[in-house]
Amino acid sequence: MTEHSDLTPPRLRTVLGHFATGLTVITAATKGGPAGFTCQSFSSLSLEPALVTFSPARTSSTWPLLREAGRFTVNILPAEHQHLSGQFARSGADKFAGVDHSPSPLGNPVLDQALAWVDCELHAEYDGGDHTIVVAAVRALSARADAEPLLFFRGDYFGVQSRAGALESVA
Ligand SMILES: Cc1cc2nc3c(=O)[nH]c(=O)nc-3n(C[C@H](O)[C@H](O)[C@H](O)COP(=O)(O)O)c2cc1C
């Protein structure tokens, strides 16, 4: 077996960044008001029962607030609102400044710009190294047909240009 000693975080980030994902902002109505954070590690998990998963960093100051609320909404971002990814990734800032939202069935903030949203309750948490693996039960969800997804690939933002697969950077 070939030994690869270069498993440093920067190299892991660079190589694993070749796995393209969508981007989400995960929000909740907490005791201190609306809270949320940008999250790339979201994925669908199970259809029956309906489960999704994502992984907050152990350093996240927002996840403990969402965890305490026990319910949250995954807002899937559209390409034309890439700025929301940066805005919800700034720790300590007023992340909701200028962002219109309305309550989900569970009472969480649904961003007006969301391409789709998934209303969830916390189901389970597992150890994930410097992250926590969250499994959440889906309680309600909805999607729009009039927008395209925001993609994250090699540390950069992209939109989907066509069904043929051409990618157009929106960074
Ligand atoms: C493109 C992008 C993807 C991100 N994905 C994640 C993620 O999957 N998990 C996570 O914990 N943080 C992720 N972050 C970082 C958080 O958004 C950021 O650290 C967090 O909002 C910091 O604020 P907090 O201390 O309020 O949680 C991502 C940030 C960006 C810009």
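Look up a bit, the structure's there.
So, how was this worked out
Counting restarts for each chain: residues are numbered from 1 in the order of the written sequence. Given that the model is predicted, a residue must reach a pLDDT of at least 70 before its local features are reported, and side-chain atom pairs must reach 80 or more before they are shown or counted; all residues, however, enter totals for whole chains, interfaces and linings. The basis for the side-chain values is all heavy atoms of the structure; hydrogens and waters are excluded. Only when DSSP finds a minimum of two bridges between them are two strands counted as paired. Secondary structure elements are defined from DSSP: runs of H or I of at least 4 residues count as helices, runs of E of at least 2 residues count as strands, and each element is numbered from the N terminus. Helix axes are fitted to C-alpha atoms over the stretch in contact, other axes to C-alpha atoms as well, and angles between N-to-C directions run from 0 to 180 degrees. Within this scheme a cavity is a closed region of a 1 Å grid, computed over the protein atoms alone, that accommodates a 1.4 Å probe without allowing it to escape, whereas a pocket is open but has protein on both sides within 12 Å along at least five of seven lines; lining residues each have an atom within 4 Å of a point. Grid points are joined across faces, edges and corners, and a volume is the space filled by probe spheres set on the points. We call two residues in contact when some of their heavy atoms are within 4.5 Å. Think of a polar contact as two N or O atoms within 3.5 Å of one another; within protein, one of them needs to be a possible hydrogen donor and the other a possible acceptor, and neighboring residues in sequence only count if both atoms come from side chains. Three labels apply to residues, based on accessible area from a 1.4 Å probe with only protein chains included: buried if under 20% of the type maximum, exposed if over 50%, partly exposed otherwise in between.

Remark: a regular strand shows side chains that alternate across the two faces of the sheet. Here 4 bridges tie strand S5 (residues 51–54) to strand S10 (residues 131–143), and the two strands are oriented antiparallel to one another. Directly across from leucine 51, in S10, lies its bridge partner alanine 137. The pairing of strand S9 (residues 116–128) with S10 spans 12 bridges and is classified as antiparallel. Counted as the bridge partner of alanine 116 is alanine 143 from S10. Connecting S9 to the next strand, S10, in antiparallel fashion are 2 residues, including glycine 129 with a positive phi near 65 degrees.

Moving on: the sheet that holds strand S2 (residues 24–30). Overall, antiparallel pairing links the 7 strands, which are arranged S3-S2-S6-S9-S10-S5-S4 in an open sheet. The open sheet has two free edges, formed respectively by strand S3 (33–39) and strand S4 (43–46), since each of these has just one partner strand. On average, each strand axis in the sheet is tilted by 35 degrees relative to the strand beside it, whichever way the strands run.

Below, the discussion takes up the layout of surface pockets. Taken as a whole, the largest pocket spans an internal volume of roughly 1,100 Å³. Surrounding the largest pocket, 27 residues form its lining, Arg13, Gln40, Ser41, His131 and Phe152 being those nearest its centre. Among the secondary structure elements, those contributing two or more residues to the lining of the largest pocket are helix H1 (9–16), S3 and helix H3 (83–87). Element by element, the count of residues in the lining of the largest pocket is highest for H1, at 5 residues.

Moving on, we come to the environment of threonine 53. As for its placement among the helices and strands, threonine 53 is situated in strand S5. Linking threonine 53 and alanine 137, residues 84 residues apart in sequence, is a C-alpha distance of 8.9 Å. Look past the residues within four positions of threonine 53 in its chain and what remains in contact with it is Ser41, Phe42, Ser43, Leu45, Ile133 and Val134. A polar side-chain atom of threonine 53 sits 2.8 Å from the main-chain carbonyl oxygen of valine 134.

Glancing now at unusual backbone geometry. A cis amide bond links glutamate 48 with the next residue in sequence, proline 49, at an omega value of 5 degrees. Within the secondary structure, proline 49 sits in the loop between S4 and S5. Backbone geometry at arginine 154 places phi at a positive 50 degrees, although glycine is not the residue there. Mapped onto the secondary structure, arginine 154 falls in the loop between strand S11 (150–153) and strand S12 (156–160). Of the residues examined, arginine 154 reaches a relative accessible area of 56% and is grouped as exposed.

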